[in-house]
Amino acid sequence: MGVFVFLPLVLPLTAWPVARLAEQHLHPRTATRLLTAMAAVLALCSTVCLGLVMVVGTAQLPGNPLPDGWSDPEVRAAVPFDEVVGKAAIPALCAVVVACARTLWRHARVRSRAHRALAGLPDTEVAVLPDGAPYAYALPGGGRRGVDAPRGGARRGGRTGDSEPHGRAGRRVRGRRGGRVVVTTALLDRLRPAERRALFSHERAHLDARHDRFLLTVQLAARATPFLRPLRTAERWADEEAARAIGSRRTVARAIGTAALVSRGTPAPTLAGLAAPGPVPRRVAALLGPPPAVRTWPPVFTSVGLAAWGAAAGTAVSAMSSANSAVTMVLILHAATPL
């Protein structure tokens, strides 16, 4: 196993170049799926190897419940610098587990509280809240499919969905798996009618593509490996979908800029929204330019192509290294365990 057990802990660095280049040169849909998959694999591999190293450190602690054979020199020799890294891996893995658990708990708590807060409203796709704080976000549902809901805002505090495209506030559409667009009157008051349409289209794009899953995956990956923090691009995907839906990239850019200036963002980083934390200036600049080209994979002999292949190679090496280390450690522990 040797030093290969440490490779998955540093190989996430190979994803840094492609994070920025993919955002600039790939269609956001492709970039989001590519970077999320890479983040998930790299984080899983690094966590597995951290756990393998921790086994060696735990076996050396007095009074541990592990078999005595797991602290033999043959087992410790499988991990270089076992006396230092083995014990250091124990608090590191505990920190990863606690951080991921807190992220999942906060995500579930925010969703549950938001659904309870909307329980008294009509079951419409858009919920307009009479709140003095400006914010908007896409609230995923509980997986319901095929539920008819009127298109437009929920009547609440005198507000309706009058800012829907073409004024068709009462038209009924298929429900988005129980998800809802949550927006406050304070934010709507600061947007023009066309910008409100951009807001609704943007949040519907988040719901349709289940961007909360991408955001949660990348957030958990970043908790496991801080090197993976830059791999969050779901907002750009929704930006392009909103621009295509309303037919004006400049209007979406204005809506994002206005919302970013006045909004407090989403209640949790794992929920998607128009003014979600992130590189807002780059999002606006991208919308003021031409639409991105749709391609499944970038050309090899380009900067983004080389970065993508480098990140793919790093991900593959990380997966192979963690698998080899896991198999080797299992065989060593099996041999050291008395029958």
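Refer to the structure above for everything that follows.
All figures in this text were calculated on a predicted structure; none of them were measured in a lab.

Comments concerning the overall build of the protein
Consideration 1: Along its length, the protein carries 12 helices and 5 strands.
Consideration 2: For the protein, with 339 residues in total, the buried portion stands at 51%.
Consideration 3: When contacts within the protein are restricted to residue pairs at least 6 apart in sequence, those whose partners lie at least 24 apart make up 80%.
Consideration 4: Surface accessibility of the protein: about 15700 Å² in total, with carbon and sulfur atoms responsible for 62%.

Focus on the pairing of strand E5 (residues 180-184)
Consideration 1: A large share of E5 lies buried, amounting to 5 of its 5 residues.
Consideration 2: By the alternation rule, side chains of E5 split into Arg180, Val182 and Thr184 and Val181 and Val183, which are all buried.
Consideration 3: With 4 bridges connecting them, strand E1 (residues 126-129) and E5 associate as parallel partners. When the sheet's bridge partners are listed, Val128 is paired in E5 with Val183.
Consideration 4: Two elements, strand E2 (residues 136-139) and E5, share 4 bridges in a ladder whose sense is antiparallel. Following the sheet pairing, Ala136 is matched in E5 by Val183.

Regarding the environment of Trp70
Consideration 1: Tracing the sequence through the fold places Trp70 in the loop between helix H3 (28-59) and helix H4 (73-76).
Consideration 2: Along the chain, Trp70 and Gly57 lie 13 residues apart, while their C-alpha atoms are 9.9 Å from each other.
Consideration 3: The contacts of Trp70, once residues within four sequence positions are left out, are Val55, Ala59, Val75, Leu333 and Thr337.

Section: the packing of helix H2 (residues 16-25) against H3
Consideration 1: Relative to each other, H2 and H3 sit at 165°, their axes nearing to 10 Å. Relative to H3, the element H2 lies roughly antiparallel. Helix-helix and strand crossings are classified by hand; for H2 and H3 the assignment is left-handed. Facing Val18, Ala19 and Ala22 of H2, the residues of H3 in contact are Ala31, Leu35 and Met38.
Consideration 2: Taken together, the residues of the contact of H2 with H3 sort by class into 6 nonpolar, no polar and no charged.

Here we look at the packing of aromatic side chains
Consideration 1: Taken as a whole and judged by the stated rule, the model has 3 aromatic pairs.
Consideration 2: For the pair Trp16 and Phe227, a centre-to-centre distance of 6.2 Å together with 85° between the ring planes defines the contact as edge-to-face. Of this pair, Trp16 sits in helix H2 while Phe227 sits in the loop between helix H8 (211-224) and helix H9 (234-246), and the two are 211 residues apart along the sequence.
Consideration 3: Taking the relative accessible area as the measure of exposure, Trp16 reaches 44% and is therefore partly exposed.
Consideration 4: Accessibility expressed as a relative area gives 29% for Phe227, which makes it partly exposed.

Remarks on the nonpolar core
Soluble, globular proteins show a tendency: their nonpolar side chains are buried together.
Consideration 1: Val18, Leu228 and Leu231 are the most contacted members of the largest nonpolar core, which totals 41 residues.
Consideration 2: Sorting the residues of this core by element identifies H2, H3, helix H5 (82-117), H8 and helix H12 (303-336) as the ones contributing at least two each.
Consideration 3: In terms of residues, this core owes the most to one element, H3, which gives 14 residues.
Consideration 4: Contacts of Leu228, omitting those with residues within four sequence positions, involve Pro12, Ala15, Ala39, Leu42, Ala43, Val218, Ala221 and Ala222.
Consideration 5: If you look at the next biggest cluster of nonpolar residues, it comprises 25 residues, including Val128, Leu187, Val252 and Ala253.

Some details on the sheet that holds E1
Consideration 1: Strand order across the open sheet formed by 3 strands is E1-E5-E2, with mixed pairing between neighbours. Edge positions in the sheet fall to E1 and E2, since each has one partner strand and no second. Across the sheet, the mean angle separating the axes of adjacent strands is 20° when strand polarity is ignored.

Describing a nonpolar patch on the surface
Consideration 1: Among the surface-exposed residues, Trp297, Val300, Phe301, Leu306 and Trp309 lie close enough to one another that they form a single nonpolar patch of about 580 Å² accessible area.
Consideration 2: Following the sequence through the fold, Leu306 ends up in helix H12.
Consideration 3: Residue Leu306 is classed as exposed on the basis of its relative accessible area, which comes to 54%.

Considering helix H7 (residues 193-208)
Consideration 1: The end-to-end C-alpha distance of H7, which contains 16 residues, comes to 23 Å, matching closely the 22 Å that a straight helix rising 1.5 Å per residue would cover.
Consideration 2: Counting buried residues along H7, 12 of its 16 residues qualify, which places the element largely inside the surrounding structure.
Consideration 3: Taken together, the buried positions of H7 are occupied by Glu195, Arg196, Ala198, Leu199, Phe200, Ser201, His202, Glu203, Arg204, Ala205, His206 and Leu207.
Consideration 4: Positive phi appears at Arg210, one or two residues downstream of H7, with a value of about 50°.

Considerations on the side chain of Glu240
Consideration 1: Here Glu240 shows up in helix H9.
Consideration 2: There is a polar contact of 2.9 Å between the side chain of Glu240 and the side chain of Arg236.
Consideration 3: Those residues in contact with Glu240 that lie beyond four places of it in its chain are Pro28, Arg249, Leu287 and Pro292.

Reading the values: the criteria
- Residues numbered from 1 in each chain as written.
- Predicted model: local features only at pLDDT ≥ 70, side-chain atom pairs only at ≥ 80, totals over all residues.
- Heavy atoms only, no water.
- Helix = DSSP H or I, 4+ residues; strand = E, 2+ residues; numbered from the N terminus.
- Buried < 20%, exposed > 50% of the residue type's maximum accessible area, 1.4 Å probe, protein only.
- Contact = heavy atoms within 4.5 Å.
- Areas by Shrake-Rupley, 256 points an atom, 1.4 Å probe, with all protein chains shown as cover.
- Pairing = 2+ DSSP bridges.
- Axes fitted to C-alpha atoms, helices over the stretch in contact; angles between N-to-C directions.
- Parallel < 35°, antiparallel > 145°, perpendicular 65-115°, else oblique.
- Left-handed = near helix turned anticlockwise from the far one by under 90°.
- Nonpolar A, V, L, I, M, F, W, Y, C, P; charged D, E, K, R; others polar.
- Phe/Tyr/Trp six-rings, centres within 6.5 Å; stacked < 30°, edge-to-face > 60°.
- Core = buried A, V, L, I, M, F, W, Y, C linked by side-chain atoms within 4.5 Å.
- Patch = residues over 30% accessible without salt bridge, like charges linked within 9 Å, V, L, I, M, F, W, Y side chains within 5 Å.
- Salt bridge = Lys/Arg side-chain N within 4 Å of Asp/Glu carboxyl O.
- Expected span 1.5 Å × (residues − 1).
- Polar contact = N/O pair within 3.5 Å; in protein donor to acceptor, adjacent residues only side chain to side chain.

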